[in-house]
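Here's the letter readout for the chains.
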Amino acid sequence: MAPDVAPIERLEERPIGVDPATIEDEFARIWRETSGAGFDESSIRLRVLNLVGLGRSEGAVDRFEGVMSVLPQRHPCRGLLAISSAAYDRVEATISAHCWRSTGGRRHVCSEEVSLSGGPSRERELASAVLALLVPEVPVSAWFIDALEPDGYLASEVLEAADVVFFDSASSLEPGDAFAAALGVRSKHDVALADLAWGRLETWRDLTAQIFDGDDGPRELAQISSIEIRGDAGATSAEPLLLASWLISRLGLALADVSRNGSALTATLYDGARGVQVRIVPGALALDELRLRTPDAEFTVQCHASSGHMHVREEWDSGSARRTVLPRPADEASLIGVALDGVRGGAVYEATLRTALALLGG
């Protein structure tokens, strides 16, 4: 949560008809009544973006609400949640209004949320309602909450309107499917990709890059002989694969051979005549440890299981160095907020996905 604002206050939540004009009229009524109920004239109804959440489960409802309880303080928005599930027979809508007060001042900033639900056979109605409720002339961010499933009617219509698509490749049982789907969405719909799993790796990538910032950094980079990564389900989990693939693509290594043994993966890569061994093996956490070896040294980035702190170690023949770092927040609201600030994957992330697919034999 941003340090200069008070928690969001939910002013109202209630079911309403799905007609977009009725919903807009109801929001206008809420803000008029809010202004007359103690909110001063400096209160602002602010929307700098549309956040459209797409889901298929009750869990998606809770996750979207968790993000909307924090994100508008950083990025005031209209939140639109569309749930397509067999649990619903007809299209229904609920609206919510949210406000928060700047600390030390009287000004209130307000945003809105609309939740829509319907069965899979009602996706055309859901899509029509979502598109009609988008605040015009501000960016549209689509968030695939449960999984990146871009082929349905609702998903396709929202993607065509979107500027950025959020998803979490780590939520997929087959990370290769998520990586391929992301590249397909990028190509077909010309949207920016914002993978929450990639966002969670930001601290890992920064700490790894910092190891090689010194005078000896370029020489050590050019002599890396092995890369070992431990995490969760090993090579069947997105985050270890993404970290390994990022390193491989940034180092310009060419893949020569890959072998799989359950969830462990071993690959041989080359940079000219120099061979590099890469291993991805199961661990206890989503990402446990990255270990890099050169003829002169061993470098380790590790997440401490109980504290969550990051430990960086350098072991040389002449001595060692250690430091401890707090990782960046990795909750969904923080990751989405950072990505909306402009820190997304871009070309580096896309190159990482292509490398990951090559490791997986795609």
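### Some remarks on the overall build of the protein chain
Moving on, step 1. The secondary structure content of the protein chain amounts to 12 helices and 17 strands.
Moving on, step 2. Taking contacts inside the protein chain between residues at least 6 apart in sequence as the whole, the part at least 24 apart equals 71%.
Moving on, step 3. On the protein chain, roughly 15900 Å² of surface is accessible, and the fraction owed to carbon and sulfur atoms is 49%.

### Remarks on unusual backbone geometry
Moving on, step 1. Positive phi is not limited to glycine here, since Glu137 has a value of about 65°.
Moving on, step 2. Within the secondary structure, Glu137 sits in the loop between α4 (123–133) and β7 (140–144).
Moving on, step 3. Judged by relative accessible area, Glu137 falls into the exposed class, the value being 84%.
Moving on, step 4. Located in the positive-phi region is Asp190, a residue other than glycine, with phi close to 55°.
Moving on, step 5. Checked against the element boundaries, Asp190 lands in the loop between α6 (175–189) and β9 (192–195).
Moving on, step 6. We classify Asp190 as exposed; its relative accessible area is 60%.

### As for the packing of aromatic side chains
Moving on, step 1. Enumeration according to the criterion identifies four aromatic pairs in this entry.
Moving on, step 2. Three or more aromatic residues joined by ring pairs form one cluster here, namely Phe212, Phe299 and Trp316.
Moving on, step 3. Cation over ring: Arg124 sits above Tyr153, and NZ or CZ is 4.1 Å from the ring centre.
Moving on, step 4. Arg205 extends its terminal NZ or CZ atom over the ring of Trp198, reaching a point 3.9 Å from the ring centre.

### Notes on the nonpolar core
Moving on, step 1. Trp204, Ile227 and Leu290 are the most contacted members of the largest nonpolar core, which totals 82 residues.
Moving on, step 2. Element by element, the count of residues in this core is highest for helix α10 (residues 238–251), at nine residues.
Moving on, step 3. Once you skip the residues sitting within four places of it in the chain, Leu290 turns out to touch Trp204, Thr208, Ile227, Glu228, Ile229, Leu243, Leu247, Phe299, Thr300 and Val301.

### Here we look at the sheet that holds strand β17 (residues 319–325)
Moving on, step 1. In space, the eight strands of this open sheet follow the order β11-β12-β13-β10-β14-β15-β16-β17, with mixed pairing throughout. In this open sheet, the two edge strands, each paired with only one partner strand, are β11 (254–261) and β17. Across the sheet, the axes of successive neighbouring strands diverge by a mean angle of 10°, strand direction being ignored.
Moving on, step 2. Pairing geometry for strand β14 (residues 289–293) and strand β15 (residues 297–303), over five bridges, is antiparallel. Looking across to β15, one finds that Arg293 is bridged to Glu298.

### A word on the environment of Glu228
Moving on, step 1. Note that Glu228 resides in strand β10 (residues 226–230).
Moving on, step 2. Between the C-alpha atom of Glu228 and that of Thr266, which follows or precedes it by 38 residues, the distance is 9.2 Å.
Moving on, step 3. Those residues in contact with Glu228, other than ones at most four positions away along the chain, are Arg279, Glu289, Leu290, Arg291 and Arg293.

### Re the pattern of salt bridges
Moving on, step 1. Tallying each qualifying case throughout the model produces 25 salt bridges.
Moving on, step 2. The shortest N-O distance in the salt bridge between Arg186 and Glu350 comes to 2.9 Å. Of this pair, Arg186 sits in helix α6 while Glu350 sits in helix α12 (residues 346–359), placing them 164 residues apart in sequence.
Moving on, step 3. Among the ionic contacts, a cluster of salt bridges with common partners joins Asp216, Arg219, Glu220 and Asp296.

### Observations regarding α4
Since there are 3.6 residues in each turn of an α-helix, residues three or four apart along the chain are aligned in direction.
Moving on, step 1. Restricting attention to buried positions, one finds in α4 the residues Glu123, Leu126, Ala127, Ala129, Val130 and Leu133. Projected onto a plane normal to the axis of α4, the buried residues spread over an arc of 165° and lie on a single side.

### Thoughts on the pairing of strand β12 (residues 264–271)
Moving on, step 1. With seven bridges connecting them, β11 and β12 associate as antiparallel partners. In the strand pairing of β12, Ala254 is matched with Tyr270.
Moving on, step 2. Where β11 hands over to β12, the hairpin turn is made up of two residues, of which Gly262 adopts a positive phi near 65°.

### Quick word on the environment of Val301
Moving on, step 1. Looking at the secondary structure, you find Val301 in strand β15.
Moving on, step 2. Between the alpha carbons of Val301 and Ile211 there is a distance of 9.4 Å; along the sequence they are 90 residues apart.
Moving on, step 3. Residues contacting Val301, with those up to four places away along its chain left out, are Trp204, Leu207, Thr208, Ile211, Asp288, Glu289, Leu290, Met310 and His311.

### Here we look at the pairing of strand β16 (residues 310–316)
Moving on, step 1. Relative to β16, β15 is paired through seven bridges, and the arrangement is antiparallel. By the bridge assignment for β16, Ala297 is matched with Trp316.
Moving on, step 2. What sits between the antiparallel neighbours β15 and β16 is a turn of six residues, in which Gly308 has the positive phi angle 80°.
Moving on, step 3. Pairing between β16 and β17: seven bridges, direction antiparallel. Bridge pairing in β17 links Glu315 to Ser320.
Moving on, step 4. Adjacent in sequence and paired antiparallel, β16 and β17 are bridged by two residues.

The rules behind the values
- Residues numbered from 1 in each chain as written.
- Predicted model: local features only at pLDDT ≥ 70, side-chain atom pairs only at ≥ 80, totals over all residues.
- Heavy atoms only, no water.
- Helix = DSSP H or I, 4+ residues; strand = E, 2+ residues; numbered from the N terminus.
- Contact = heavy atoms within 4.5 Å.
- Areas by Shrake-Rupley, 256 points an atom, 1.4 Å probe, with all protein chains shown as cover.
- Buried < 20%, exposed > 50% of the residue type's maximum accessible area, 1.4 Å probe, protein only.
- Phe/Tyr/Trp six-rings, centres within 6.5 Å; stacked < 30°, edge-to-face > 60°.
- Lys NZ or Arg CZ within 6 Å of the ring centre and 35° of its normal.
- Core = buried A, V, L, I, M, F, W, Y, C linked by side-chain atoms within 4.5 Å.
- Pairing = 2+ DSSP bridges.
- Axes fitted to C-alpha atoms, helices over the stretch in contact; angles between N-to-C directions.
- Salt bridge = Lys/Arg side-chain N within 4 Å of Asp/Glu carboxyl O.
- Arc of directions from axis to C-beta.

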